[in-house]
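Survey of secondary and tertiary structure
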Amino acid sequence: MKEPLEGAQHSKSTDASLSGLRVVLVRTQHPGNIGATARAMKTMGLSDLALVAPQAPPDEQSWAMASGAVDVLDAMQRFDNLAEALADCSQVVGVSARRRGISLEVSDARSWAGQWAAAPAGRTAIVFGAERTGLTNAELALCQRAVQIPANPDYASLNLAQAVQVLAYECRMAALGGLRGTRPRRPADHATMEGVYEHLERMLVATDFLDPDKPRHLMRRLRRLIARAEPDKVEANILRGMFSAVEKYRGDR
Ligand code: SAH
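As the structure is a prediction and not an experimental result, all values here were calculated from the model. (Residues numbered from 1 in each chain as written. Predicted model: local features only at pLDDT ≥ 70, side-chain atom pairs only at ≥ 80, totals over all residues. Heavy atoms only, no water.)

Turning our attention to helix α8 (residues 190-206). When the terminal C-alpha atoms of α8 are compared, their 24 Å separation across 17 residues agrees well with the 24 Å that a helix rising 1.5 Å per residue should span. T192, M193, G195, V196, Y197, H199, L200, M203 and L204 are the residues of α8 that are buried. Contacts made by the buried residues of α8 are with α9 (218-228) and α10 (233-252). Directly beyond the C-terminal end of α8, a positive phi value near 65° is found at D208. (Helix = DSSP H or I, 4+ residues; strand = E, 2+ residues; numbered from the N terminus. Expected span 1.5 Å × (residues − 1). Buried < 20%, exposed > 50% of the residue type's maximum accessible area, 1.4 Å probe, protein only. Contact = heavy atoms within 4.5 Å.)

Shown next, in the form of structure tokens:
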């Protein structure tokens, strides 16, 4: 049964950079994981799946686990060795739970996805190892860097397709910059915010909250607090309206 595409508010046209991602499964043992990987990919807008020397060939379990992502499975490319699957990729990252003896730079999934989205350079392969053994040192040696999912140190080994899901999700979030549909933030300009801070200070002095002879970094702290919220113009005006109301209340008494 096809599942509803609930919450699928990201249209294909925004997924351009995601189409440059290739998921490479190396020496996979369980055919079901190949299908679950296809599903994990499609839900996140990825479609380029490569299978390298599986220990068991894709079978009916693969297609069953792929659910509505059989198209990804049908289009899957098969290779005899990892080097062939990477031949047309300009970036290669190895996804590995363990720190291996080789001196690859290791990033967590979120940081790496952020870097990738900031500068997507041609086709990028994300390489996943076999269920029991993970990626060998020889396989990691073909990668430019390693990516880790910082999991529970007492049990850090995710199911293969779930590891694919995490990476695909992080890439999607990084590529789309979060939920589309949320309006782009337009923080108020510098002059507006300086007006807010001056007004706040006047109000705080008028209400005796701030002693101008003993300011004690109060304004600096409040500036930092307000700046963190990045108010837009309307919000800046609300703040000034509040300050005016306090001043008026104080003046009336
Ligand atoms: N025992 C193996 C685990 C293999 S799990 C090992 O220690 O390497 C199968 C694949 O899923 C791994 O090769 C890796 O690509 C991915 N994976 C699972 N858990 C992960 C984690 N915490 N961080 C990064 N990749 C992980």
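Next up on the list: the site of the ligand. Surveying the vicinity of the ligand reveals 21 residues, the closest of which are V95, R98, I149, A156 and L158. Here V95 contributes a backbone N or O atom positioned 2.6 Å from an oxygen atom of the ligand. In this structure, a nitrogen atom belonging to the ligand sits 2.7 Å away from a main-chain N or O atom of A156. A majority-of-atoms criterion places the ligand in the second largest pocket. Going through the elements one at a time, β7 (145-148) and α7 (160-176) are the ones with two or more residues in the shell around the ligand. Across the shell around the ligand, the residue classes break down as eleven nonpolar, six polar and four charged. (Near = heavy atom within 4 Å. Polar contact = N/O pair within 3.5 Å; in protein donor to acceptor, adjacent residues only side chain to side chain. 1 Å grid on protein atoms, 1.4 Å probe; cavity = no way out; pocket = protein on both sides within 12 Å on 5 of 7 lines; lining within 4 Å. Sits in = over half its atoms within 2 Å of the grid points. Nonpolar A, V, L, I, M, F, W, Y, C, P; charged D, E, K, R; others polar.)

By secondary structure assignment, the location of L218 is in helix α9. Of the residues examined, L218 reaches a relative accessible area of 21% and is grouped as partly exposed. The sequence separation of L218 and E201 amounts to 17 residues, and the corresponding C-alpha distance is 9.3 Å.

Before going further, it helps to examine the pattern of salt bridges. By the definition in use, this model includes eleven salt bridges. The partner of D48 in a salt bridge is R22, with the nearest N and O atoms 3.0 Å apart. Within this pair, whereas D48 is found in strand β2 (residues 48-52), its partner R22 is found in strand β1 (residues 21-26), the two being separated by 26 residues in sequence. Like R22, D48 is buried. The salt bridge involving D88 is made with R22; its shortest N-O contact spans 2.8 Å. With D88 in the loop between α4 (82-86) and β4 (91-95) and R22 in strand β1, this pair connects stretches of sequence that are 66 residues apart. Owing to a relative accessible area of 41%, D88 belongs among the partly exposed residues under this scheme. (Salt bridge = Lys/Arg side-chain N within 4 Å of Asp/Glu carboxyl O.)

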